[in-house]
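Residue-level structural notes
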Amino acid sequence: MRVALAISSFVALIIHGIVFYDQFFHQWEDHQTAYFEQARGLATKDAERAALEGRRPRIEQIIVTQFGEARVDRCTTCHIAIDDPRFKAHAEPLRTHPNSEALGDTFVNGRWERRHKFSDFGCTVCHDGQGRGLETFYAHGEDHFWPEPLLGYTTQETWRAEFKPKLLGKEFMQANCAQCHTEENFKSTPLVSRGRQLFFEKNCYGCHRIEGMSTGTLGPDLTEVGKKFKLDYLWESIVEPRANSAVSSMPKFNLSDEDVKSLVVFLKSRRGMNFAETSLERYRARIRESKVEPATQPTTEVAGVSAAARGERLINERACAACHKIGDRDGGIAPDLSFEGLLRDESWLMDHFRDPRSRVPDSIMPAFGFSDSEFLSMTQYLKSLTTPPPTATPAEAYKNLCARCHGEKGDGHGLIALYLDPYPRDLTKVAFMNSKPEERFIMSIKEGVPGTSMPAWGKVLNDAQIRDLLNYIWQTFVREPRRELKARNVPAHNPVAMSGESVARGERIYLQRCTGCHGRKADGKGPNSLDILPRPRNLRNRDFINSVSDRRLFDAIMYGVQGTAMPPWIDYGLSQNDVGDLVNYLRSLNQTN
Amino acid sequence: MSMTKKAIHKPTAAEDELTTRRRFLTWLSGVGLVGSAIISIFSNLIFIKPRATYGEPNRFPIGRPEEFPPGTRISIDDKRVCIVREGNRLAAISTTCTHLGCIVAASETGFACPCHGSRFDQDGNVTGGPAPKPLPWYQVNLAPNGELEVDKDTEVPPGTYITV
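These figures come from a predicted structure and were not determined experimentally.

Remarks on the overall build of chain A
Regarding its fold elements, chain A presents 26 helices and eight strands. In terms of C-alpha radius of gyration, chain A reaches 34 Å, well past the compact-globule figure of 25 Å for 593 residues. Taking all 593 residues of chain A together, 45% fall into the buried category. For chain A, restricting intrachain contacts to residue pairs at least 6 apart in sequence, the fraction spanning at least 24 positions comes to 56%. When the accessible surface of chain A is split by element, carbon and sulfur atoms take 54% of a total near 30700 Å². Distance between charge centroids for chain A: 3 Å, based on 78 positive and 77 negative side chains.

A word on the pattern of salt bridges
When charged atoms on two side chains of opposite charge get close, those side chains can pair. Counted according to the given criterion, the structure contains 37 salt bridges over all chains. The residue K166 of chain A makes a salt bridge to D257 of chain A at a minimum N-O spacing of 3.6 Å. Of this pair, K166 of chain A sits in the loop between α6 (136–139) and α7 (174–177) while D257 of chain A is found in helix α12 (residues 257–268), placing the two residues 91 residues apart along the sequence. The partner of D555 of chain A in a salt bridge is R488 of chain A, and the shortest N-O contact between them spans 2.9 Å. In this pair, D555 of chain A is assigned in helix α25 (residues 550–559) and R488 of chain A in the loop between α21 (463–478) and α22 (500–513), connecting sequence segments 67 residues apart. Each of R55, R58 and E60 of chain A together with R59, E149 and D153 of chain B takes part in salt bridges that share partners, so that together they form one network.

Thoughts on the pairing of strand β1 (residues 59–63) of chain B
All names here are of chain B. Judged by how many residues are buried, β1 sits mostly within the fold: four of five residues are covered. Two strands pair when backbone bridges link them, and β1 and strand β10 (residues 148–156) are joined in this way by four bridges, in the antiparallel orientation. If you follow R59 over to β10, its bridge partner there is D151.

Quick notes on a positive patch on the surface
A surface patch of positive charge is lined by K521, K525, R540 and R542 of chain A. Classification of K525 of chain A by relative accessible area gives exposed; the value is 52%.

Remarks on the packing of helix α14 (residues 307–317) of chain A against helix α17 (residues 372–383) of chain A
Residues and elements named next belong to chain A. Relative orientation of the contacting elements α14 and α17 amounts to 100°, with a least axis distance of 7 Å. When the interaxial angle is binned, α14 and α17 end up roughly perpendicular. Of α17, the residues touching α14 (which contributes A307, A308, R310, G311, E312, L314 and I315) are S373, E374, S377, M378, Q380, Y381 and L382. Counted by class, the contact of α14 with α17 contains seven nonpolar, four polar and three charged residues.

Points about the pairing of strand β9 (residues 137–142) of chain B
When a strand is regular, its side chains alternate between the sheet's two faces. All names here are of chain B. Direction of pairing for strand β4 (residues 89–94) relative to β9: antiparallel, over a ladder of two bridges. Considered in β9, the bridge of I93 is made with W137. One ladder, built from six bridges, connects β9 with β10; its direction is antiparallel. For Q139, the partnering residue across the bridge sits in β10 and is D151.

Description of the environment of M433 of chain A
Residues and elements named next belong to chain A. For M433, the location among the structural elements is in helix α19 (residues 430–433). Judged by its relative accessible area of 1%, M433 is buried. Linking M433 and Q562, residues 129 residues apart in sequence, is a C-alpha distance of 8.3 Å. Beyond its immediate sequence surroundings of up to four residues, M433 is in contact with L427, F441, I473, W474, V478 and R482.

Considerations on the packing of helix α1 (residues 2–24) of chain A against helix α2 (residues 13–48) of chain B
Relative orientation of the contacting elements α1 of chain A and α2 of chain B amounts to 25°, with a least axis distance of 8 Å. Comparing their axes, α2 of chain B and α1 of chain A come out roughly parallel. In terms of crossing hand, the pair formed by α1 of chain A and α2 of chain B is left-handed. Taken together, the residues of the contact of α1 of chain A with α2 of chain B sort by class into 16 nonpolar, nine polar and three charged.

Regarding the sheet that holds strand β6 (residues 110–112) of chain B
Residue and element names in this part refer to chain B. The strand order across the open sheet formed by four strands is β5-β6-β7-β8, and the pairing between neighbours is antiparallel. With partners counted over all chains shown, the strands left at the sheet margins are β5 (105–107) and β8 (126–128), one partner each. This sheet shows a mean twist of 35° between the axes of neighbouring strands, independent of strand direction. Pairing geometry for strand β7 (residues 119–121) and β8, over two bridges, is antiparallel. From the neighbouring strand, F120 faces β8, where its bridge partner is V126.

Each value, and the rule that gives it
- Residues numbered from 1 in each chain as written.
- Chains lettered and ligands numbered in written order.
- Predicted model: local features only at pLDDT ≥ 70, side-chain atom pairs only at ≥ 80, totals over all residues.
- Heavy atoms only, no water.
- Helix = DSSP H or I, 4+ residues; strand = E, 2+ residues; numbered from the N terminus.
- Rg over C-alpha atoms; globule rule 2.2 N^0.38 Å.
- Buried < 20%, exposed > 50% of the residue type's maximum accessible area, 1.4 Å probe, protein only.
- Contact = heavy atoms within 4.5 Å.
- Areas by Shrake-Rupley, 256 points an atom, 1.4 Å probe, with all protein chains shown as cover.
- Lys, Arg positive; Asp, Glu negative; His and termini not counted.
- Charge placed at Lys NZ, Arg CZ, Asp CG, Glu CD.
- Salt bridge = Lys/Arg side-chain N within 4 Å of Asp/Glu carboxyl O.
- Pairing = 2+ DSSP bridges.
- Patch = residues over 30% accessible without salt bridge, like charges linked within 9 Å, V, L, I, M, F, W, Y side chains within 5 Å.
- Axes fitted to C-alpha atoms, helices over the stretch in contact; angles between N-to-C directions.
- Parallel < 35°, antiparallel > 145°, perpendicular 65-115°, else oblique.
- Nonpolar A, V, L, I, M, F, W, Y, C, P; charged D, E, K, R; others polar.
- Left-handed = near helix turned anticlockwise from the far one by under 90°.

Keep in mind that these numbers describe shape and distance, not what the molecule does.
What follows is the structure, given as structure tokens:
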């Protein structure tokens, strides 16, 4: 008992002592004491000695109120010699902050005048870090989960080791210069300028939105990316797009380290609100956004180079193959362009370049803001790609023309199917394949399906080849003999005349019966649509709806679409007149203005 | 109980050793408890006074001596000091009125409180009004970077100037 008491009380004393020492004896006091001693030794004038007189170690802090939330900077507690020119050659933390022209400092009368005074700006405005911390670990933010570690000097334990050497360096600080110096090509932030240039050069803006700069919707919004993510995450996201999201469709750009660094610095500088911005300026930028013209490269016509050659260069430079397949390069996201000259005509290509959704309404391809002359060159180049792929046998034809979308197994899950809307048809769905006349499949292959990515293969294959291909599909994927189609009572033309009343009736029926799947906007995105494969048709796909005959619409609505979730509405009490009203309503939605 | 029994008997060598051990344990407990108590008291006493608050720092730079030409009296309102320079001599006088803490304005004759009418002469001595005490003078240092630094934590006797 006595032994226990004695030991525990002594242990208590020791713990008390340790806590006391830990709480009241600090490393920063040692730093400050060392500074005072050395400064006394370096002092040459009485004034200097007098200034040191009576100074004792204490917590130094700068309160910065101008930049966003008030910042408490206690960095000078350790870095106490930061503004003492006599400590230039000392080791950190007792070292003078360097002066340089890049920081805006000026050299007058034989001494440096700081542009950014520490009493006004503090330290964390530029360096990040946890301004309140008084120990290296806390102050520099060496913790993966802390929001703002020291920019470009600290690497984390959990950071990927191979990135470590790339993430150290004072160049990364430029990201914070750009918090206030937002002007393009600000001379002290070359990396930000280069990053911005790359953002447009590599077409990042096509997919990513940055408020006031670009309007892409395909990728994540990068307006505040610098606030959310640290350097390591940004670096990783650029060099390995699938590191964080396995289904990311961002291409790998294979940039040089220097380019990645520029992009990282540029992205790190995107923190939404800039220190230098007022809310009015921000509002103005938002309004301007709707009219903003994406920066385009100056169009320099190279003498002696044909438009097609220039187009080829442009298509290579703009990394079109990052998504598309061209020759042996394949991005695995978008359709094959290797023989585009056979499939599309010039006006289609030009329209599609200017606004991809004008030709394929649900296309995910961004509308890149290149100049018309550049689009023309690229069109000329694509038009010149007229070498058909080998299609000697139907199997070859399927492999070369169809498999990329419809899949090796014909189940519609091809390499790029995920990125297509509508999704490619599942050719193994017997019920569907057997419910449509053969002519319809022939026509789909031959003429393509307007408003979708299905091209008109009749420009590559002759009629006999198309028939063989269809037979091949039947034998390989459907694997059932063709069934005789039941005769259906479907009018060839809509018997209900187009009129305001008919459209209104059609709309009422549509709202009652169709919105669950096709959605209130008729865009195919109704509440049930997520559970259904194939997805409900986008009924506002103008090109598609306008290409479909009344007969086919009547057939689909009255008798349903086998192999899909579309039921035969004739069973649910829709009369032929009701369907006529519906068809009129759908047609009225898709009328060209 | 065992204590009394042992006290009666003449201690043997083994018991002697036991006493020594017991005394040592008592000493250990005592030092432990008393030491802990003393450290606690010290910790608490030190802890009472915060080492840092979130107020504006009391020692702040005000600029280079050249920014205050000889003969000027420049009030820095947000820092609540008036920098006085006469020839090569320079000093900082508080502009916080000693009456109710209003900011006094520099006037022809010195300083005047706009709210309650206190008046001070050029050196901050009270010449009229309700102010009970003269305006304090603060220490001014020349920082190593060549800037002047006012230390509002350190008051100096009126008339103390530094030479720049």
